[in-house]
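Okay, here's what each chain looks like letter by letter:
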Amino acid sequence: MGLTLYIGNKNYSSWSFRPWLAMKAANIAFEEVVIPLYTGTTDKQRILDVSPAGKVPVLTDGDVTVWDSIAIIEYLAEKFPGAQLWPQDPASRAHARAISAEMHGGFGALRRECGMNIHRPRRAKELSEEARENIARVQEIWTDCRKHYGRTGPFLFGAFTAADAMYAPVVHRFRTYAIDASPPVQEYMEAMLAYPPFAEWTAQALAETLVIDRFETD
């Protein structure tokens, strides 16, 4: 029995995007099952049937069930060491894990005020001071990684890694909300937006027809 990844709507589900992108980038074969979010009790029960936390993403591997994006990525990194989801150099790997954990547990204002909605027309909006601080910190992280670890390629640690997957939804947020980005950050975003697995998710998100009123569109 192979791997199955349960995800939410590609237009909205930033957490689903992360492990999906990591698996595509690493050429890990998996079956994809989309469970639409925010559409009623039936779909909520479908999620509960596979996830004890009642949230997506969820990865199943035979009798093993793993939920939460970063836990899924760590499971995959152990199962497929040849995929090199984390940098091979110990210092680089430690830094990649640290910034990924920071992404996983932080940036609440940015999440709340700039939700992932790839259908949203690109335009700026007024943001709180806390959200602006989140944006500055993300740009600091990306710039520092590119300067110290990313000299061998266009991504945070040169080659694409789990850290890029963890920050991928923020690339869409920066683009959608027309965030003023420094030249190094713009270069990194352009590399991510052009990366074939990233572009594949984006195209499929734009093809979705389900529009959820609770998500901002202007």
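In case you missed it, the structure is sitting above this.
What you see as residue numbers is a count from 1 along each chain, following the sequence as written. Only residues with pLDDT of at least 70 get local features here, since the model is predicted, and only at 80 or more are side-chain atom pairs given and counted; chain-wide, interface and lining totals rely on the full set of residues. As a rule here, side-chain values cover all heavy atoms of the structure and leave hydrogens and water aside.

Engineer: How should the packing of aromatic side chains be read in this particular structure?
Structural biologist: Side-chain rings of Phe, Tyr and Trp, where Trp is taken by its six-membered ring, are said to pair if the distance between their centres is within 6.5 Å; with planes under 30 degrees apart they count as stacked, over 60 as edge-to-face, and otherwise as tilted. Applying the stated criterion across every chain, the model contains ten aromatic pairs. With a centroid separation of 5.2 Å and an interplanar angle of 65 degrees, the aromatic rings of Phe 17 and Phe 198 are classed as edge-to-face. Within this pair, whereas Phe 17 is found in helix H1 (residues 14–25), its partner Phe 198 is found in helix H9 (residues 196–207), the two being separated by 181 residues in sequence. Residue exposure (1.4 Å probe, protein chains only): buried if accessible area is under 20% of the type maximum, exposed if over 50%, otherwise partly exposed. What makes Phe 17 buried here is its relative accessible area of 0%. When its relative accessible area of 0% is taken as the criterion, Phe 198 is described as buried. Centroid distance Phe 160 to Tyr 195: 4.8 Å. Interplanar angle 20 degrees. Geometry classified as stacked. Under the scheme used here, helices are H or I runs from DSSP no shorter than 4 residues and strands are E runs no shorter than 2 residues, and both carry numbers assigned from the N terminus.

Engineer: Got a minute to help me understand the nonpolar core in this structure?
Structural biologist: Buried residues of nine kinds, namely Ala, Val, Leu, Ile, Met, Phe, Trp, Tyr and Cys, make up a nonpolar core once their side-chain atoms join them within 4.5 Å. With 61 residues, the main nonpolar core has Trp 142, Leu 156, Tyr 167 and Phe 174 as its most contacted residues. Per-element tally for this core: the top contributor is helix H7 (residues 162–176), with nine residues. Throughout, a residue-residue contact means that at least one pair of heavy atoms, one from each residue, lies within 4.5 Å. Setting aside residues up to four positions removed in sequence, Trp 142 forms contacts with Leu 156, Tyr 167, Val 170, Val 171, Phe 174, Val 185, Tyr 188 and Met 189. Counting eight residues, the second-largest nonpolar core is a separate cluster that includes Leu 37, Ile 47, Val 50 and Val 56.

Engineer: Before we go on, may I ask you to explain the packing of helix H4 (residues 90–105) against helix H6 (residues 129–148) in this structure?
Structural biologist: The description of two packed helices rests on the angle between their axes and on the distance between the axes. H6 packs onto H4 with a crossing angle of 165 degrees between their chain directions and a minimal axis gap of 12 Å. The orientation of H4 with respect to H6, classified from their angle, is roughly antiparallel. In this structure, the crossing between H4 and H6 has a hand that is left-handed. In contact with His 95, Ile 99 and Glu 102 of H4, H6 contributes Arg 137, Ile 141, Asp 144 and Cys 145. Orientation is described by axes fitted as lines to C-alpha atoms, over the contacting stretch for helices, and by angles from 0 to 180 degrees between their N-to-C directions. Note that the term roughly parallel is reserved for angles under 35 degrees, roughly antiparallel for angles over 145, roughly perpendicular for angles of 65 to 115, and oblique for everything else. Left-handed describes a crossing in which the near helix is turned anticlockwise from the far one by less than a right angle; the clockwise case is right-handed.

Engineer: Please clarify how the packing of H1 against H7 should be interpreted in this entry.
Structural biologist: The geometry of H1 relative to H7 is characterised by a closest axis approach of 7 Å and an angle of 125 degrees between their N-to-C directions. Judged by the inter-axis angle, H1 sits oblique to H7. Between H1 and H7 lies a crossing whose hand is right-handed. In this structure, H1 uses Ser 14, Trp 15, Phe 17, Arg 18, Leu 21 and Ala 22 to contact H7, whose residues at the interface are Ala 165, Met 166, Ala 168, Pro 169, His 172 and Arg 173. Along the lines of polarity and charge, the residues of the contact of H1 with H7 split into eight nonpolar, two polar and two charged. In this count, Pro and Cys sit with the nonpolar residues alongside Ala, Val, Leu, Ile, Met, Phe, Trp and Tyr, while Asp, Glu, Lys and Arg are called charged and the others, Gly among them, polar.

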